[in-house]
Amino acid sequence: DARVTQTPRHKVTEMGQEVTMRCQPILGHNTVFWYRQTMMQGLELLAYFRNRAPLDDSGMPKDRFSAEMPDATLATLKIQPSEPRDSAVYFCASGRTRTYEQYFGPGTRLTVT
Amino acid sequence: EDQVTQSPEALRLQEGESSSLNCSYTVSGLRGLFWYRQDPGKGPEFLFTLYSAGEEKEKERLKATLTKKESFLHITAPKPEDSATYLCAGGGTDKLIFGTGTRLQVFP
């Protein structure tokens, strides 16, 4: 049963600390997306990759957020330094350009105190 | 500007009481309209893709339909386990634009 996996599932950190979230997309998928979900804003697209190349990161605060895909099996989202307003659930999703369907991971719940 | 709007925000149904959720969209060059189900504490779970007006898809008690401006998710004789937030999304490219969801509660 192919699934997107994300680690860690929960993260509590203090303001100013670096946070790294990891995602393993479904094997064979060539697009990877990072979303943030809050009660107020719903699902917001932060960044996405096609064939490991970053195509759009306009949804990210660029001074503190960065997203990379070091290889086809790993995508990372880093926040440095973290702030309390970054507290949210971060989802990774993967898909294929042929169908445009996206499959979501279980999310990382981030709390910044 | 591309936009996806869902209504109602919340819906309470008695078990067995059928209803519909609405998703209105304005997406340039729509390539697909997607429905997801999200349970508390979990990621959105893919349900359906609709590619062209007139298309319909069914899964158990759910049926999704698509027109040129709207999509509907019809829930027939819902059960308490259908309680969840239902999200729709439209895509003109790889990127999807999500609505804010309809939170459905089905009571026994």
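Draft legend 1. Highlighting the environment of E56(B). All names here are of chain B. With respect to the helices, strands and loops of the structure, E56 is situated in strand β6 (residues 56-59). Here the alpha-carbon distance between E56 and S18, two residues 38 residues apart in the chain, equals 17 Å. If we ignore the near neighbours within four places in the chain, the residues touching E56 are L50, K63, A64 and T65.

Draft legend 2. Looking closely at the state of the cysteines. Counted under the stated rule, the structure contains 2 disulfides over all chains. Covalently, C23(A) is tied to C92(A) through a disulfide, its sulfur atoms 1.9 Å apart. Measuring the twist about the S-S bond at about -60 degrees, one finds the C23(A)-C92(A) disulfide to be left-handed. In this pair, C23(A) sits in strand β3 (residues 19-24) while C92(A) sits in strand β9 (residues 88-95), placing the two residues 69 residues apart along the sequence. Judged on exposure class, the residue C23(A) and its partner C92(A) are both buried. Between C23(B) and C88(B) runs a disulfide, and the two sulfur atoms are separated by 1.9 Å. With the S-S bond torsion at 80 degrees, the cross-link from C23(B) to C88(B) turns out right-handed. Residue C23(B) is found in strand β3 (residues 19-26), and its partner C88(B) is found in strand β9 (residues 84-91); the two are separated by 65 residues along the sequence. Like C88(B), C23(B) is buried.

Draft legend 3. Local environment of the packing of aromatic side chains. In total, this model carries 10 aromatic pairs over all chains according to the counting rule given. The interplanar angle of 15 degrees and the centroid separation of 5.1 Å between the aromatic rings of F33(A) and Y48(A) together place this pair among those described as stacked. With F33(A) in strand β4 (residues 31-38) and Y48(A) in strand β5 (residues 42-50), this residue pair connects regions lying 15 residues apart in the sequence. With respect to burial, F33(A) and Y48(A) carry one shared label: buried. Measuring from centroid to centroid gives 5.6 Å for Y36(B) and F98(B), while their planes differ by 50 degrees, and the two rings are tilted. With a gap of 62 residues between them, Y36(B) in strand β4 (residues 32-38) and F98(B) in strand β10 (residues 96-98) connect regions that are remote in the sequence. Across this residue pair, the class does not change: Y36(B) and F98(B) are buried. Three or more aromatic residues joined by ring pairs make a cluster, and in this case those are F33(A), Y35(A), Y48(A), F91(A), Y103(A), F104(A), Y36(B), F46(B) and F98(B).

The rules behind the values
- All residue numbers refer to positions counted from 1 along the written sequence of the respective chain.
- By the order in which they are written, chains take letters starting at A while ligands take numbers starting at 1.
- A pLDDT threshold of at least 70 governs which residues receive local features in this predicted model, and a stricter bar of 80 or more applies before side-chain atom pairs are shown or counted, although totals over entire chains, interfaces and linings include all residues.
- With hydrogens and water set aside, each side-chain value is computed from the structure's full complement of heavy atoms.
- Strands are runs of DSSP state E lasting at least 2 residues, helices are runs of H or I lasting at least 4, and numbering of each runs from the N terminus.
- Whether two residues touch is decided by their heavy atoms; if any such pair falls within 4.5 Å, the residues are in contact.
- Cysteine sulfur atoms are paired as a disulfide whenever they fall within 2.5 Å.
- When a residue's accessible area, from a 1.4 Å probe over protein chains only, is under 20% of the maximum for its type it is buried; when over 50% it is exposed; and in between it is partly exposed.
- When the centres of two rings from Phe, Tyr and Trp lie within 6.5 Å, Trp using its six-membered ring, the rings pair. Their planes under 30 degrees apart give stacked, over 60 give edge-to-face, and anything left gives tilted.

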